[in-house]
Amino acid sequence: MEEALVQGSMLQTLKGGYCNSLTQYSRFLTREVNIGDVPMGGLNPIRIQSMTTTDTMNTLATVEQTIRMVESGCEYVRITAPSMKEAENLANIKKELRSRGYQVPLVADIHFTPNAAEAAARIVEKVRVNPGNYADKKRFENFEYTQQAYQAELDRIYKKFTPLVKICKEYGTAMRIGTNHGSLSDRIMSHYGDTPRGMVESAMEFIRMCEDLNYYNLVISMKASNTQVMVQAYRLLVETMVKEGMNYPLHLGVTEAGDGEDGRIKSAVGIGTLLEDGLGDTIRVSLTEDPEFEAPVAKALALRYEKRAVELESIERLNSERGITIEELPYSPYEYNRRSTAAVQHIGGHEHPIVMLNVSTQNLKDPYFLNAVGYNYSAGLDKYNLADQACDLVYLGDQLPSFSFPGNLKQVYNYNTWLSLKDKHNCHPILSFEEYTSAAVKDEQLNLVKIDATEGLNKDLSLLKENAVLVLETSALHGMAEQRSFFISLMKRNLQIPVIIKRTYPGVKSDDLMLFAATDLGALFTDGLGDGIWIDADESVGLSLVNSTSFGILQATRTRISKTEYISCPSCGRTLFDLQETTQMIRSRTDHLKGIKIGIMGCIVNGPGEMADADYGYVGTGPDKITLYRGKEVVKKNVNAARALDDLIELIKEDGKWVQK
């Protein structure tokens, strides 16, 4: 087993856990794996990669796209090889790239076809295999296995998998064992169910086979479109590997994240949550866009952690002082459970998390500025129409509006300004902890109490009454961990005070704001921590983006659904239609269906399995042919592409889920 470890390293995760520290950034040290001339894991930086979308048989198109990807920051480039002819053509692609001076390591993406994997392993620097469909079966059938029958299946897979491992050993080729939530085999599903544990065991079976054959040049991934499932699976994987003396590098990614703002936020929630805990050695951001747009997003996520100092000697001291270990956590990091709180007005309890925004710098003489936060003002009728993403609270500081706010939009003022208001209806104060404890007059309904995550650990929070809600702030470099520590302290003291999580991003531009906020806040909501979100950004970012980012984070963490969700694959050489064009076409006619999840998959590989928890599926099954799904059930096969969207809408109408725009 010693060969499987990084030379001279320690498996230093917290006892019984998945990361080095819950209170300070510390990257989990993994085994270094050689992939061409670009090693991964160990002390190497977090690597960036993406996947081509061209036809693998079109050598020049694939080469040109690969070059664009490299120039945008990709350090590895993955290319699909669905059959022998594509696998063999990888040699031509590699030769052309090398002749042009590009040494980027190539990765062959394999599904279903062991012979293609074996051919590709002799050509490229790395192969990716999916345990769910490489040598196993996926027909959505349920079987009862005896212990002997289950072992017999493992023996069959071992025999089929061994030739690839031997070729990889001979040629020095690395391998990614890439489990996907939506393509777990029938055998795994029958034994473990559609669970993060099933994902982990699917990979571990293949890892153990590799180690039995003395092959250790492995990278592991646990991808899912559901960010909660993805995060839980990676954590369970690390915990399991550590128990078995393993520390293989981790490839992070959220499958079918979608496009635009939604895709970026969803990717940052899943990937960023793990990066915050020091997990991850390479990143692939899966967007339904041209692949050269993926690398800059991944680089922005990774760069934050290159800049974050690692003070390993202080980890033990911090853990000792705060008494935080995985074993003693008051919640499970491997399953979602929302922290129990006593509701104050519509904050906490069983209410969905609220969205709060700072509007103190807006033109408070103009009601139309509220359009940006979901309240569309009609001057003729003098009323507001609410959009699906209408925020719940606004902070005005010491500024007073000259018009009437919507009746269901709560206004928050600094304490002294609130005291001076003649009409306090729908208006509430925000105070420091000291102001609150010394105030002679408080709001009978709702008082927001600001508290710093670090300093708040020493406050006597039992002084807060039942009408108080905390606004949790932090200025720490590793702010997520500071705020998490505060939540842990609340839970250990059984204080059920609702908490609005606030993060402030001075000098951060729009693109980075989405990624940073989705990472910092998404990591907490993923673990069930938080009853509200407050993102404060520079005025140049724009109120509309801050509002949509707030709702996007809650949607990505599945804690508040406010719009249609599209589970859209990022396209590749297997895709049978233009994914970007098709996704936009479907979105244009269905984006008003709040809460419905629609999977849009370019081929059967990314079909019913990969869109595991979608309500409806639109899957390419041949040239100009679409198959429609209700969940995992095929409803219509081989529908002409020209009428497929109309048929999808009819299907939604049949189920009583259609509403008019």
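You'll find the structure just up there.
Conventions we followed
Residues numbered from 1 in each chain as written. Predicted model: local features only at pLDDT ≥ 70, side-chain atom pairs only at ≥ 80, totals over all residues. Heavy atoms only, no water. Helix = DSSP H or I, 4+ residues; strand = E, 2+ residues; numbered from the N terminus. Buried < 20%, exposed > 50% of the residue type's maximum accessible area, 1.4 Å probe, protein only. Contact = heavy atoms within 4.5 Å. Areas by Shrake-Rupley, 256 points an atom, 1.4 Å probe, with all protein chains shown as cover. 1 Å grid on protein atoms, 1.4 Å probe; cavity = no way out; pocket = protein on both sides within 12 Å on 5 of 7 lines; lining within 4 Å. Points joined across faces, edges and corners; volume = space filled by probe spheres on them. Nonpolar A, V, L, I, M, F, W, Y, C, P; charged D, E, K, R; others polar. Disulfide = S-S within 2.5 Å. Axes fitted to C-alpha atoms, helices over the stretch in contact; angles between N-to-C directions. Parallel < 35°, antiparallel > 145°, perpendicular 65-115°, else oblique. Left-handed = near helix turned anticlockwise from the far one by under 90°. Pairing = 2+ DSSP bridges. Core = buried A, V, L, I, M, F, W, Y, C linked by side-chain atoms within 4.5 Å. Expected span 1.5 Å × (residues − 1).

K.L.:
Honestly, the overall build of the protein in this entry has me stumped. Any pointers?
P.N.:
Counting its regular elements, the protein contains 17 helices and 23 strands. Counting over 661 residues, the protein shows a buried share of 62%. Long-range contacts, defined as pairs at least 24 residues apart, comprise 67% of the intrachain contacts of the protein with a sequence gap of at least 6. Surface exposure of the protein reaches about 24900 Å², of which carbon and sulfur atoms provide 47%.

K.L.:
Would you mind showing me how to read the layout of surface pockets here?
P.N.:
Any space left empty among the atoms is revealed by the rolling of a water-sized probe across them. The calculated volume of the largest pocket comes to roughly 390 Å³. Where the lining of the largest pocket is concerned, the elements lending two or more residues are helix 9 (294-306), strand 17 (499-505) and helix 14 (510-526). For the lining of the largest pocket, the per-class residue count stands at 7 nonpolar, 4 polar and 7 charged. What the second largest pocket holds in volume is close to 260 Å³. In terms of residue class, the lining of the second largest pocket is built from 8 nonpolar, 5 polar and 1 charged.

K.L.:
Quick question: what am I supposed to make of the state of the cysteines here?
P.N.:
Structurally, a disulfide amounts to a covalent bond that connects the sulfur atoms of two cysteines. Applying the stated criterion across every chain yields a total of 0 disulfides. The thiol sulfur of Cys-168 is not disulfide-bonded, and the nearest other cysteine sulfur, from Cys-210, lies at 8.1 Å. Of the residues examined, Cys-168 reaches a relative accessible area of 1% and is grouped as buried.

K.L.:
Looking at this structure, I do not really get the packing of helix 1 (residues 59-71) against helix 2 (residues 84-99). What am I missing?
P.N.:
In helix packing, the relevant descriptors are the interaxial angle and the interaxial distance, both defined with respect to the helix axes. Running from N to C, helix 1 and helix 2 cross one another at 50 degrees; their axes reach a closest spacing of 9 Å. Classified by the angle between their axes, helix 1 and helix 2 sit oblique to one another. You can see that helix 1 and helix 2 cross each other, and the crossing is right-handed. Mapping the contact onto sequence places Thr-59, Leu-60, Thr-62, Val-63, Thr-66 and Ile-67 in helix 1 and Asn-89, Asn-92, Ile-93, Glu-96 and Leu-97 in helix 2. In terms of residue class, the contact of helix 1 with helix 2 is built from 5 nonpolar, 5 polar and 1 charged.

K.L.:
Sorry, what's going on with the sheet that holds strand 4 (residues 126-129) here?
P.N.:
Strand pairing in a sheet takes place through backbone hydrogen bonds and is either antiparallel or parallel in direction. Strands sit in the order 6-5-4-3-2-1-8-7 across an open sheet of 8 strands; the sheet is parallel. Only two strands of the sheet have a single partner each, and these edge strands are strand 6 (218-223) and strand 7 (251-252). Where strand 2 (residues 76-80) lies against strand 3 (residues 106-110), 4 bridges are found, and the strand directions are parallel. Counterpart to Thr-80 in the pairing with strand 3 is Asp-109. Each of strand 6 and strand 7 touches helix 7 (residues 227-243); the most contacted strand, strand 6, lies at about 145 degrees to it.

K.L.:
Help me understand the environment of His-425 in this model?
P.N.:
The residue His-425 is located in the loop between helix 11 (415-420) and strand 14 (427-432) in this model. Placed 14 residues apart in sequence, His-425 and Gln-411 show a C-alpha to C-alpha distance of 9.2 Å.

K.L.:
Whenever I open this one, the nonpolar core confuses me. Can you help?
P.N.:
Grouped together as the largest cluster of nonpolar side chains are 161 residues, with contacts concentrated most on Phe-161, Leu-164, Met-175, Leu-461 and Leu-470. Looking at which element gives the most residues to this core, the answer is helix 14, with 10 residues. Beyond its immediate sequence surroundings of up to four residues, Phe-161 is in contact with Val-129, Tyr-134, Met-175, Phe-206, Met-209 and Cys-210.

K.L.:
Before we go on, may I ask you to explain helix 13 (residues 479-492) in this structure?
P.N.:
Given 3.6 residues to a turn, an α-helix orients residues that are three or four positions apart in the same direction. Its 14 residues place the ends of helix 13 20 Å apart at the C-alpha level, agreeing with the 20 Å of an ideal helix rising 1.5 Å per residue. In terms of burial, helix 13 is largely enclosed, as 12 of its 14 residues are buried. Residue Asn-494 follows helix 13 closely and has a positive phi angle near 55 degrees.

K.L.:
What am I meant to see in the sheet that holds strand 13 (residues 410-414) here?
P.N.:
Ordered in space as 9-12-13-14-15-16-17-18, the 8 strands form a closed barrel in which the pairing is parallel. Recorded for the sheet is a direction-independent mean angle of 25 degrees between the axes of neighbouring strands. The pairing of strand 9 (residues 354-358) with strand 12 (residues 393-397) spans 3 bridges and is classified as parallel. Each residue of the ladder has a partner; that of Asn-358, found in strand 12, is Tyr-395.

K.L.:
Help me understand the pairing of strand 12 in this model?
P.N.:
For a regular strand, side chains alternate in direction, first toward one face of the sheet and then toward the other. Burial within strand 12 is extensive, with 5 of its 5 residues counted as buried. Burial along strand 12 is two-sided: the residues Leu-393, Tyr-395 and Gly-397 and Val-394 and Leu-396 are all buried. Looking at chain direction, strand 12 and strand 13 are connected through 4 bridges and run parallel. Of the residues in strand 13, the one forming a bridge with Leu-393 is Lys-410.

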